[in-house]
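Observations on the three-dimensional arrangement
Here are the chains, one letter per residue:
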Amino acid sequence: MIVQTNTTVGDSISHRFKLTWKRFWSEPGFAVAAIIVAALLILFILLPLAAVLLRSFGIGGEGFSFQYYQQFLQHSSYFQALLNSIGVGVVTTAIVISISIPFALYVTRTKSTLSKMYRALSLLPMVAPPFIFSLSLIILLGRRGVVTEHINNLFGVEFSIYGFWGVVVAQVLGFFPIAYMMIESSLRSINPSLEHASRDLGAGQARTIFKVSLPLASTGILKASLIVFVMALADFSNPLIIGGETSFLASDAYLLVTGQQNLEMAAVLGVFLIIPSLIVFLYQTYFIKDIETTSIDSSAGTSNVPLNKKIQGVTFGISTLMALFIAVMFIMVVLGAFVQIIGVNNTFTLDHFSDPSGWEFISTSLIVSFFAALLASVLGLLQGYLTVRKNIPAKKFLEFVALFGLAVPGTVMGIGYVLIFNGPPLFLTGTVLLLVLNMTFRKIGVGLESGISKLHQIDTSMEEASADLGAKPLHTLRKIVLPLLSPAFMSGFVYTFMTAMVSVSSVIFLVSPGTNLAATYILNLANQAAVGRASAMSVIMIAIVLICMAVLKWIERRNNAGI
């Protein structure tokens, strides 16, 4: 009887497998495309991560061993780096969220021109390299900073911005836009009638905010907290520039690779970086998603209850301080680019811009970012179409892999690429192609998510009508689906282009003297205390990103495609 049951189950599985396989190959063009996308995701996301994990156990080097994990636990410097990274992540997250909530309340609950200006200022850090605030802090508060001497004279102490708190301040400024945007979006999505009902029932505005608005926005706040924590924990460039003698996991991993060629210990540090990223990614993907659908009402988007004078005053004060802080940081970089030595010799000069190497690296950055944005958008949309519209095996797993590429710390991915592509059969290290591929597959999840969201909004009846009229699947895709997906393509392209231009943590392991990028060049200049040239290159890069965004926005408006 048991044998008969097992035979029936086996036949059923075999039948389902044959049916799935037959459906998969019913459209050979899409089947081949799915196989290519799956192979690329495995090669450029999964294999590098697997290589880091295996190398941390010595596999691929001297053989399987736990000695590198033992070294990690026995050497206080490594363990201290872990504690410092966690500490800076917790403190940065707490400060960023504490500022983002009142900032978002002020922008979403007031209609003044000032609130629109503050919103624009809050997003400005996104067009700059992630370490630009470390550069600004060094100009202001470094050993020979503009205000350092005044602080030393005033308080009679030897003030230094280098170290744990310098990293925290730089990260707060750098990661604030991400948290702010997520919290602002959540606050704007709340059904205003709930706040109005609370006020009508006699609750004060403070009580309404703490009992109604913030609980309804809690999903966005929680997501923002988790993302900022992971980004701060895995931050590479700010600790390298302004961390001083304080050790952090990401920057120590980089120094182990470049300074000591100790790939095994760098891989161990990479594993400790990737564990929190994996936990946060799984938590966001499989837990928070379910909560989110219950917190937003379909009638959201109408006007919210305006702030009363007292709360508006508090939120205005916090928002003004933050906006001024961001503005001052950018002004310092601009001034640093146009004077000899800021704070020491303030004579106007354009010498910092006459750096032929810098212009060459900017040109390389533009080429790499353009092709990475193009590839990430096209492949992301293709994977999104295959996921939503076609019956391909393991599509949820492939979606997971693509999205996880976004969550992996750049340092870990960089080490993984060195392990995989620095020898036969795929010796690509130091080539422009590897830089493009690295940025493409780190950002492919953006195009995928944009494509999936847009495809869910497109009624399948149009594609069915096209098929009924005799059009082949590829013709329907080209003539019906792709034009409707153009806004998703543009959003994926713009985001990938912007982030690729200022990306550092992963590509710094892959650049060579002939293929250096502007962001890594600026990082090296800042590390060598060449503040003037670093500021000049930063100004050029920010201007290019802003011009590119303006051009893309113009194209979008001309084509009437909403990003």
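Residues numbered from 1 in each chain as written. Predicted model: local features only at pLDDT ≥ 70, side-chain atom pairs only at ≥ 80, totals over all residues. Heavy atoms only, no water.

**Things to note about the overall build of the protein**
Convention followed: A helix here means a DSSP run of H or I that spans at least four residues, while a strand means a run of E at least two residues long, and both kinds are numbered starting from the N terminus. In this description the radius of gyration comes from C-alpha coordinates, and the expected globular size is given by 2.2 Å times residues to the power 0.38. Burial status follows relative accessibility: with a 1.4 Å probe on protein chains alone, a residue under 20% of its type maximum counts as buried, one over 50% as exposed, and anything between as partly exposed. Throughout, a contact is declared for two residues whenever any of their heavy atoms are within 4.5 Å. Under the convention used here, a 1.4 Å probe and the Shrake-Rupley method define accessible areas, while residue burial counts only the protein chains that appear. We treat Lys and Arg as the positive residues and Asp and Glu as the negative residues; His and chain ends play no part in the count. We put the charge of a Lys on NZ, of an Arg on CZ, of an Asp on CG and of a Glu on CD.
From N to C terminus, the protein includes 24 helices and four strands. Since a compact globule built from 563 residues should have a radius of gyration of about 24 Å, the 26 Å found for the protein is in line with a globular shape. Counting the 563 residues in the protein, one finds 52% classified as buried. Taking the contacts inside the protein whose residues are at least 6 apart along the sequence as the reference set, 79% of them involve residues at least 24 apart. When the accessible surface of the protein is totalled, it reaches about 26200 Å², and 66% of it is carbon and sulfur. One way to put it: in the protein the 33 positive side-chain charges average out to a point 8 Å from where the 25 negative ones average out.

**Here we look at helix H13 (residues 249–260)**
Along an α-helix, residues three or four apart share an orientation, since each turn contains 3.6 residues. Applied cut-off: One less than the number of residues in a helix, times 1.5 Å, gives the span that helix is expected to have.
An ideal rise of 1.5 Å per residue puts 16 Å on twelve residues; H13 measures up with 15 Å between its terminal C-alpha atoms. Count one or two residues on from H13 and you reach Gln261, which has phi positive near 55°.

**Some remarks on the UniProt feature "domain: ABC transmembrane type-1" (unreviewed entry) in the protein**
What counts, and what does not: UniProt positions are given in the numbering used here, feature names are shortened, and annotations may be inferred rather than shown by experiment.
UniProt records the feature "domain: ABC transmembrane type-1" (unreviewed entry) at residues 82–284 and 362–552, using the numbering of this structure. The distance separating the terminal C-alpha atoms of residues 82–284 is 23 Å; by composition the span is 79% helix and 0% strand. Annotated as residues 362–552, this span is 77% helix and 2% strand, and its ends, taken at the C-alpha atoms, are 19 Å apart.

**Some details on unusual backbone geometry**
One non-glycine residue, Gln261, lies in the positive phi region at around 55°. Relative to the elements of secondary structure, Gln261 occurs in the loop between H13 and helix H14 (263–292). Although it is not a glycine, Ala394 sits at a positive phi angle of roughly 60°. In this structure, Ala394 sits in the loop between helix H16 (356–389) and helix H17 (395–407). Overall, Ala394 belongs to the partly exposed group, its relative accessible area being 49%.

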